[in-house]
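Architecture and fold: a report
Each chain, letter by letter, is given below.
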Amino acid sequence: MGEFASCPPEAVKAAEAVCGPVELKQVTDRRGSAVWKATGSAAAVAIKLGTAEAAEATMREASVLEQLPGYTVTVGHTREVVWFVSPWLVGRSTWEMFRVAREDAVGRPGALTAAVDLCRAVADLHSLGWVHGDLQPSHGIHTETGVKLIDFAWSRKVGTTPWSAFRGTMVHLMAPELADWISSGPQPAKTSPAAEVYALAGVLWTCATGSWPLDYRAAGINRQAAGPEGLRDAIATGRLPLARATSWPELQDVLRPVLLSEPADRPSAAGLGDVLAEVAG
């Protein structure tokens, strides 16, 4: 009953309109944002709740879901909170799809297929004129019908800017030019397809190796002491080296030039997917 007490009754009612009577399981709860899985006899949905500062981000995400083809959402809000209900995606994240490959080369063919699928999902989003803005290893869900992206709070349609200030998300995957814009101004900083391709390559590097792509230690940076802002400022210089360890050269040799190149020289998400498809054979 505690879970129901913390989840808005209106959101539960919206979930039950799709699923029938539901059982709730809380999945996450941090920094004012909470997610439940609501499961009924007819279906399962996700309920996402944003409070305080997270309410604005939740409303932005709901607005994106309302505009993107292939996504459905029911939205509600009160003076204090914003919530939305969307179908529960059945599948594994890209991070999970690479799990066997990180431990044994036998898993690499399947992981490469997952990498290509993620690239094509990002390419499809870009072709619609959208930028996700917060690609992370867990933000692609590999379903039976293809990859579905999640967590659209920092997404924008090119030509629009739905926030007054962008401070960045996962700093380890932030393109140098975006880090520089955030550090130096003026705000609002704007995400771009080129910066997204950098993040995409960084996601795949991280999924393949289990480590972030940049070698902070070689640059003499203490991650804990620097903190997110210090790391962002260092990334903004564009001079941080990539990690030297090469556990999967066939994949890393494709990703390395993407992570080292200037924005104009990076491939598109579709182009990166095509090269990886060739590696996959």
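Presented here is a report on the structure given in the accompanying data block. (Residues numbered from 1 in each chain as written. Predicted model: local features only at pLDDT ≥ 70, side-chain atom pairs only at ≥ 80, totals over all residues. Heavy atoms only, no water.)

Some remarks on the packing of helix H6 (residues 108–127) against helix H8 (residues 193–209)
Contact geometry for H6 and H8: axes closest at 11 Å, N-to-C directions at 165°. Regarding the angle of H6 to H8, the classification is roughly antiparallel. Between H6 and H8 lies a crossing of right-handed hand. Seen from H6, the contacting residues are Ala-115, Leu-118, Cys-119, Val-122, Leu-125 and His-126; seen from H8, they are Pro-193, Glu-196, Leu-200, Val-203 and Leu-204. (Axes fitted to C-alpha atoms, helices over the stretch in contact; angles between N-to-C directions. Helix = DSSP H or I, 4+ residues; strand = E, 2+ residues; numbered from the N terminus. Parallel < 35°, antiparallel > 145°, perpendicular 65-115°, else oblique. Left-handed = near helix turned anticlockwise from the far one by under 90°. Contact = heavy atoms within 4.5 Å.)

With respect to the packing of H8 against helix H10 (residues 249–260)
At a minimum axis separation of 9 Å, H8 and H10 run at an interaxial angle of 145°. Handedness of the H8/H10 crossing: left-handed. On H10, the residues touching Val-197, Tyr-198, Ala-201, Gly-202, Leu-204, Trp-205, Ala-208 and Thr-209 of H8 are Leu-251, Gln-252, Leu-255, Arg-256, Val-258 and Leu-259. Of the residues that constitute the contact of H8 with H10, the class distribution is ten nonpolar, three polar and one charged. (Nonpolar A, V, L, I, M, F, W, Y, C, P; charged D, E, K, R; others polar.)

Notes on H8
In a regular helix each residue adds 1.5 Å, so 17 residues correspond to 24 Å; H8 covers 24 Å between its end C-alpha atoms and thus fits that length. Most of H8 sits inside the fold, with 14 of its 17 residues counted as buried. One or two residues past the end of H8 sits Gly-210, with phi positive at roughly 80°. (Expected span 1.5 Å × (residues − 1). Buried < 20%, exposed > 50% of the residue type's maximum accessible area, 1.4 Å probe, protein only.)

Thoughts on the environment of Val-35
Locating Val-35 in the fold gives a position in strand E2 (residues 33–39). By relative accessible area, Val-35 is classed as buried at 16%. A C-alpha to C-alpha distance of 9.0 Å links Val-35 and Gly-50, two positions 15 residues apart in sequence. Apart from residues no more than four positions distant in its own chain, Val-35 is found in contact with Lys-25, Gln-26, Val-27, Thr-28, Ile-47 and Lys-48.

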